[in-house]
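# Commentary on secondary and tertiary structure
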Amino acid sequence: MTDVIIVGGGPVGLLLACELKLGGADPLVLEAATGEERRTRSLGLRSLNARTVQSLALRDLVGPVEGEQWAMLDELAARREPAGADLVAMMVELLREGLIRGHFSGLPLLGEAGDAEYLMLKQDRLEAVLAERAAGMGVRIWQGCAVSDVAQEESAAVATLADGRKVRAAYLVGCDGGRSLVRKRSGFAFEGTPPTMTGRTAVAELASAETVTSSLRHPGGLVNLSLVPGEIATIEFDGGPDERDAPMTAEELEGSLRRVTGHDVVVKRLETGIRYSDNTRHAGTYRKGRVLLAGDAAHVHSPIGGQGLNLGLQDAVNLGWKLALVARALAPEALLDTYTAERHPVAARVLRNTRAQVALMRPGPQVDALREVLAEVIELPDAKRHFTGMADGTDVDYAPGSAHPLVGRFAPRLEAVPLAELLRDGHGLVLALSAAPGDGGLDAAVAGHRDRVRVAHADPSATLPDGDAEVLLVRPDGYVAWAGGRDGVADALTTWFGPPGD
């Protein structure tokens, strides 16, 4: 018996395990694949948007992840031919200058120098950083441990392993991908729209590589030559793949390249390849009793726009502290209901914009014209703010219509308030903006929650960017839970962190 079973040891499951451990719970991660199996599936580069980078900063993880990014880019530059090395160098310069904010259907979203927080690396490198952090915290990770069934008992969730063993926990979270066994066995509804495209990403050698160029506007779809040497991707708008799991052949990739480009491309050798689509589906709820979903188990969509990994990581940081409090019996189960309430609308918006991005990539003169118009619109200041906020996750508001404009938003940067350091231990933060240190009323209000929150006082010169308040209650995930006067602090703490202790 443990506190929480996490089925799936990818980035979402590993980050969730770290968050649970930080919150004082005991998680167990069950991962079907071995480390080597996961590395062979880690094709392409993954982007971490501004909100994810801000979340990682709260846990002192930006440094390790950024180190992996630069090491990877150095390796890629060394392996490329001169022209390819120049492409890597250009990407390095954009990253160093902080210009990248993402893209919308291939239309670049660039900010001012130093404006963006954006990282890019292969998924297996991100997993390695998170696995090292989890192991250092004492998280148990069982690799090569497939789950064949899940069930709920009155006081536990049960995972049945492929070898017949059963593992019990107070709660179980499915982080096991788009074809989640946890979701299927637990009866979650998963409605949406069927695929309209087939994507292929492969490591391959072409006979005349110079005849194939990256373009979103090839006659039959798109081709992307990755910064990773030998990696090539195609997308065709053909209704989706007939077979997802059969081994890809050189002939299959060759046929796709010929159809997309219109050239007689020859694939000399294919090392490995994967298929994907824009199948777009969304769980109706993220919780059924003691079973919860996170990441692709809760929502799947086209990878265009690079938002899926970020969406899942944000699920993990939203759920982790809440589930830790509930599993430790410090907060009521009702706190878990805020997970679906907050994250479901965010995912629904991502599903909407990824459908739009797929539509904008279809070949044809009408879509060409629409892209040209949209490229002009995106350069308008208000439009650029709208699209970049949507792409980098900084527009998320968990409490739209709140009486205070900061509630539900990520905590603002304030002068002389080291937010990342104050939240690093996974506790919440009571931030006094007008009360002086040693304020008896505030100390009394927080007294019963000292095991879950800490108190800090802002510099007297610090001012909020929007609205007035004497005190902010900042959640462990960095979002403002409440803002107001000192007389409301005790009730806000009980709402978000459970009743006071002795």
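Look a little higher up for the structure.
Throughout what follows, the structure given in this document is the object of discussion. Values in this document were obtained by computation on a predicted structure and should not be read as measured data. (Residues numbered from 1 in each chain as written. Predicted model: local features only at pLDDT ≥ 70, side-chain atom pairs only at ≥ 80, totals over all residues. Heavy atoms only, no water.)

### Regarding the sheet that holds strand 21 (residues 428-432)
Ordered in space as 22-21-23-24, the 4 strands form an open sheet in which the pairing is mixed. Lying at the two open borders of the sheet, with one neighbouring strand each, are strand 22 (453-457) and strand 24 (480-484). Each neighbouring strand pair of the sheet contributes to a mean axis angle of 15 degrees, computed without reference to strand direction. Sheet topology places strand 21 next to strand 22; 5 bridges connect them, and they run parallel. For G428, the partnering residue across the bridge sits in strand 22 and is V453. The strands touched by helix 15 (residues 489-497) within the sheet are strand 21, strand 22, strand 23 (471-474) and strand 24, with strand 23 carrying the most contacts at an inclination of about 10 degrees. (Pairing = 2+ DSSP bridges. Helix = DSSP H or I, 4+ residues; strand = E, 2+ residues; numbered from the N terminus. Axes fitted to C-alpha atoms, helices over the stretch in contact; angles between N-to-C directions. Contact = heavy atoms within 4.5 Å.)

### Comments concerning the sheet that holds strand 15 (residues 231-236)
With antiparallel pairing, the 5 strands of this open sheet are ordered in space as 13-14-15-12-16. Each edge of the open sheet is held by one strand with a lone partner, namely strand 13 (215-218) and strand 16 (267-277). The average angle at which neighbouring strand axes cross in this sheet is 25 degrees, direction not considered. Here 9 bridges tie strand 12 (residues 198-206) to strand 16, and the two strands are oriented antiparallel to one another. Bridge pairing in strand 16 places A204 opposite L270. Those strands touched by helix 8 (residues 250-261) are strand 12, strand 13, strand 14 (221-225), strand 15 and strand 16, and its axis lies near 60 degrees from that of strand 15.

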